[in-house]
Amino acid sequence: ADGGRTVYLNLGKADGLRPGVRFGILDDAANRVADAKPKARLEIIEVNQQTDHLSRARVLPERRTATILRGDKIYSPVWQPGRKVNIGLVGRLDIDRDGKDDREAVKSLILQNGGDVTVDLKPDGRQDGVLTVDTRWLVIGDEFKGVGGVLEGASEVAAKRRADLETQAKGMGITRIDLDKLMGWLRGTGEEDVVPLGGAIRASDFVRREPPPPSKARVSGLYQSPDGKVRTDIPE
């Protein structure tokens, strides 16, 4: 609906859905949805309270366009109907590549999308929580690095705990996922929020805007129709 900017889902309050959750949209024939490349992404903006399985979502801006069809699938790695998806975090989580840990931002996105963080191994080696059989994903951040390949002090402890945690996850059948892949699902491409600068600058982010038409009377061209009369369709 709405020129392709709005879609309706057959999921709603009875499924535990809430506004803010984001999904990737996949073709109805997609297999292995966790590895499929979404053709578009959406964000839930309203969950209908008069019926059990209905919600409204906005299609997020993307650089490429794809036709969204009735029957397409949706997927999120951190949302399942009626239950929380448990996630583990490991290492430094730098989502904007500024060299700083963005752990709290990652946690907020996971919670917003209906998931829960049950184990968290921080860069300094401190660990909150433990892995359980209910943990679905282990999100792997940046590797620990040391001068000359040697880790010292807290970094050595953190590296050992990280290795132990990953070994434990493998034995429990918990799937590893890198941070970029998780953020791609939770934030979409990020193109609606971020304009990169420096070497990553994109000319398409700075499209020239046409100036308003010249004034044909005493009223600014911003408020004129093409024939020079005052426009009456401008919202207050």
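One can find the structure itself at the top, above this paragraph.
Residues numbered from 1 in each chain as written. Predicted model: local features only at pLDDT ≥ 70, side-chain atom pairs only at ≥ 80, totals over all residues. Heavy atoms only, no water.

> So what's going on with the overall build of the protein? Which residues, and what values?
Helix and strand counts for the protein stand at three helices and eleven strands. Moving toward the C terminus, one meets the helices and strands of the protein in the order β-β-β-β-β-β-β-α-β-β-β-α-β-α. Of all intrachain contacts in the protein linking residues separated by at least 6 positions in sequence, the fraction that spans at least 24 positions is 64%. With the model as given, the accessible surface of the protein reaches about 14,500 Å², and the carbon-plus-sulfur share is 51%. (Helix = DSSP H or I, 4+ residues; strand = E, 2+ residues; numbered from the N terminus. Contact = heavy atoms within 4.5 Å. Areas by Shrake-Rupley, 256 points an atom, 1.4 Å probe, with all protein chains shown as cover.)

> Can you tell me about the nonpolar core, naming the residues and giving the values?
Counting residues in hydrophobic clusters, the biggest one holds 21 residues, and the most contacted among them are I87, V106, L182 and M183. Taken together, the elements giving at least two residues each to this core come down to β7 (83-90), α1 (103-112), β10 (135-140) and α3 (179-187). Ranked by the residues each element gives to this core, the list is headed by α3, at five residues. If we ignore the near neighbours within four places in the chain, the residues touching L182 are P77, V78, I110, V139 and I177. Among the nonpolar cores identified, the runner-up in size contains 14 residues, and I25, A40, L42 and I44 belong to it. (Core = buried A, V, L, I, M, F, W, Y, C linked by side-chain atoms within 4.5 Å. Buried < 20%, exposed > 50% of the residue type's maximum accessible area, 1.4 Å probe, protein only.)

> Just give me the short version of the environment of D116, but keep the residues and values in it.
Note on placement: D116 falls in strand β8 (residues 115-121). Owing to a relative accessible area of 28%, D116 belongs among the partly exposed residues under this scheme. Here the alpha-carbon distance between D116 and G88, two residues 28 residues apart in the chain, equals 8.7 Å. Apart from residues lying up to four places away in sequence, D116 is in contact with K84, V85, N86, I87, I110 and L111.

> I'd like a description of the pairing of β8, backed by residues and values.
Pairing of β7 with β8, which is carried by six bridges, proceeds in the parallel orientation. Counterpart to I87 in the pairing with β8 is V117. Taken together, β7, α1 and β8 constitute a β-α-β crossover, and its handedness is right-handed. Across three bridges, β8 lies against strand β9 (residues 127-129) in antiparallel orientation. (Pairing = 2+ DSSP bridges. Right-handed = clockwise from strand over helix to strand, strands pointing away.)

> Explain the packing of aromatic side chains residue by residue, including any values.
The geometry of an aromatic ring pair comes down to the distance between the two centres and the angle between the two planes. Per the stated rule, a full pass over the model turns up two aromatic pairs. An angle of 80° between the planes, with centres 4.9 Å apart, marks the rings of Y75 and W185 as edge-to-face. With a gap of 110 residues between them, Y75 in strand β5 (residues 73-75) and W185 in helix α3 connect regions that are remote in the sequence. In this pair, the class of Y75 matches that of W185, namely buried. (Phe/Tyr/Trp six-rings, centres within 6.5 Å; stacked < 30°, edge-to-face > 60°.)

> Just give me the short version of the pattern of salt bridges, but keep the residues and values in it.
On inspection of all chains with the given rule, the structure shows 19 salt bridges. The salt bridge partner of R176 is E166, with a shortest N-O separation of 1.8 Å. With a gap of ten residues between them, R176 in strand β11 (residues 175-178) and E166 in helix α2 (residues 153-171) connect regions that are remote in the sequence. In the salt-bridge network here, residues are joined through shared partners; they are D101, R103, E104, K107, D120, K122 and D128. (Salt bridge = Lys/Arg side-chain N within 4 Å of Asp/Glu carboxyl O.)

> Tell me about unusual backbone geometry, residues and numbers included.
Backbone geometry at D2 places phi at a positive 55°, although glycine is not the residue there. As for its placement among the helices and strands, D2 is situated in the segment before β1 (6-9). Take D2: its relative accessible area is 45%, and that puts it in the partly exposed class. A positive phi angle, close to 55°, is found at R97, a residue other than glycine. Examined against the element boundaries, R97 turns out to sit in the loop between β7 and α1.

> An account of α3 is needed here, citing residue identities and associated values.
All of the buried residues along α3 are L179, L182, M183, G184, W185 and L186. As for α3, its buried residues are in contact with β2 (22-26), β3 (40-47), β5, α1, β10 and β11. Two to three positions downstream of the cap, the backbone nitrogen of D180 sits 3.2 Å from a side-chain oxygen, assigning the N-cap of α3 to D178. (Polar contact = N/O pair within 3.5 Å; in protein donor to acceptor, adjacent residues only side chain to side chain.)

> Lay out the sheet that holds strand β4 (residues 55-59) in plain terms, naming residues and giving numbers.
Taken in spatial order, the five strands make up an open sheet running β1-β4-β3-β2-β5, and their pairing is antiparallel. Edge strands, defined here as strands with exactly one partner in the open sheet, are β1 and β5. Going from strand to strand, the sheet's axes swing by 40° on average, the running direction of each strand aside. Where β2 lies against β5, three bridges are found, and the strand directions are antiparallel. Within β5, the residue paired with I25 across the bridge is I74. (Axes fitted to C-alpha atoms, helices over the stretch in contact; angles between N-to-C directions.)

It is worth stressing that arrangement in space is one thing and function is another; only the former is reported here.
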